[in-house]
Amino acid sequence: MSAADPRRALVLFSGGQDSTVCLAWALERFEHVETVGFDYRQRHRIELDCRQTVRRELAAQFPRWALRLGGDHLLDLALLAQIGDSALTTERAIEMQANGLPNTFVPGRNLLFLSFAAALAYRRGLNVLVGGMCETDYSGYPDCRDNTLKAMQLALSLGLDTPLTVETPLMFLTKAQTWGLADALGGTALNALIAEHTHTCYLGERGRRFDWGYGCGECPACQLRAAGHAAWRASRGTA
Ligand code: ZN
């Protein structure tokens, strides 16, 4: 393991694949890493149960990371359900809206998450926020774009009057490359952990096990994860 960055990190950790890879990435880099999750009454609340399992398995299987893994925080953002009225928090069908965004979009969700995470980081003496936002092959959420995140870094650093770095290690990776990054960080064991213990399905289903993990296999999140896994395996010649 390379010499650790002495800064202390807070990972926005949902219990899904992307944020789990971000957590591994942060544990590989920073001396001290804490995690924060948000309960916004999401329909896929099952992912909140996955969070503790993933943390426990990461610590058990990667002792070098266990030494760096600090506390977990769960913030109650139930008010997002009042604002959102989207398919992620209510029982509506997931569909594309006229503006080209799927109706899973809670407006500005990541801006809110980052603001709460920054306040928590300030209280905890943490100076790096790590998030799984990604511009590539996703749904075009404007609050996931690189420039949005860079603007947030500046606004939060100014508003808190303390240097705060926003790291987004997945920003320009395809889903296949995200599986590849996990492989580089923690080998086959990390990708097996991700397939078994992380949650992605928008519908919150864990009934069926595919080679890429559990889910309904049909919703946009499942299809994206399945396609990424297939492309990654094909790129390694193991399809
Ligand atoms: Zn699904």
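See the structure shown above.
Quick summary incoming for the structure in this document. Computed from a predicted model, the values in this text were never measured in an experiment. Each chain carries its own residue numbering, running from 1 in the written order of its sequence. The predicted nature of this model means local features are confined to residues of pLDDT at least 70 and side-chain atom pairs, given and counted, to a pLDDT of 80 or more, with totals for whole chains, interfaces and linings taken over all residues. Hydrogens and waters are ignored; side-chain quantities use all the structure's heavy atoms.

1. Section: the environment of Lys175
Logical step 1: Helix and strand definitions here come from DSSP, where helices need a minimum of 4 consecutive H or I residues and strands a minimum of 2 consecutive E residues; each element is numbered from the N-terminal end. Take Lys175: it is sitting in helix H7 (residues 175-197).
Logical step 2: Among the residues examined, Lys175 registers a relative accessible area of 9% and is labelled buried.
Logical step 3: For the pair Lys175 and Leu224, spaced 49 residues apart in sequence, the C-alpha separation works out to 7.4 Å.
Logical step 4: Any N or O atom pair separated by 3.5 Å or less is treated as a polar contact, with the protein-specific requirement of one donor-capable and one acceptor-capable atom, and with residues adjacent in sequence counted only for side-chain atom pairs. Within the local environment of Lys175, its side chain forms a polar contact with the side chain of Asp18, the two groups lying 2.5 Å apart. The buried label goes to any residue with under 20% of its type's maximum accessible area, the exposed label to any with over 50%, and the partly exposed label to all in between, with areas taken from a 1.4 Å probe on protein chains only.

2. So, the sheet that holds strand S2 (residues 30-39)
Logical step 1: Strand order in the open sheet made by the five strands is S3-S2-S1-S4-S5, with parallel pairing throughout. Of all the strands in the sheet, the pair left with one neighbour each is strand S3 (69-76) and strand S5 (165-167). The mean inter-strand angle of the sheet, taken between neighbouring strand axes irrespective of direction, is 25 degrees.
Logical step 2: The pairing criterion is simple: DSSP has to find at least two bridges between the two strands. Two elements, strand S4 (residues 128-130) and S5, share three bridges in a ladder whose sense is parallel. Bridge assignment links Val128 to a residue of S5, and that residue is Thr165. A fitted line through C-alpha atoms represents every axis, and for helices the fit uses only the stretch in contact; the resulting angles, taken between N-to-C directions, go from 0 to 180 degrees.

3. Some points on the packing of helix H1 (residues 17-29) against H7
Logical step 1: Between H1 and H7, the shortest axis-to-axis distance is 10 Å and the interhelical angle comes to 70 degrees. Between H1 and H7, the angle is such that the two are roughly perpendicular. Side by side, H1 and H7 meet where Gln17, Asp18, Thr20, Val21, Ala24, Trp25 and Glu28 of the first sit next to Lys175, Thr178, Trp179, Leu181, Ala182, Leu185, Leu190 and Ile194 of the second.
Logical step 2: Any residue outside Ala, Val, Leu, Ile, Met, Phe, Trp, Tyr, Cys, Pro, Asp, Glu, Lys and Arg is labelled polar, Gly included; the first ten of those are nonpolar and the last four are charged. Residue composition of the contact of H1 with H7, by class: nine nonpolar, three polar and three charged. Roughly parallel means an angle under 35 degrees; roughly antiparallel means over 145; roughly perpendicular covers 65 to 115; every other angle is labelled oblique. Here, two residues are considered to be in contact whenever any of their heavy atoms come within 4.5 Å of each other.

4. Describing helix H2 (residues 46-61)
Logical step 1: Here the expected span of a helix is defined as 1.5 Å times the quantity of residues minus one. Over its 16 residues, H2 runs 23 Å from end to end, which matches the ideal 22 Å to within 8%, given 1.5 Å per residue.
Logical step 2: Turning to H2, its buried residues are Glu47, Leu48, Cys50, Arg51, Thr53, Val54, Arg55 and Leu58.
Logical step 3: Those residues of H2 that are buried lie in contact with H1, S2, helix H3 (63-66), S3 and H7.

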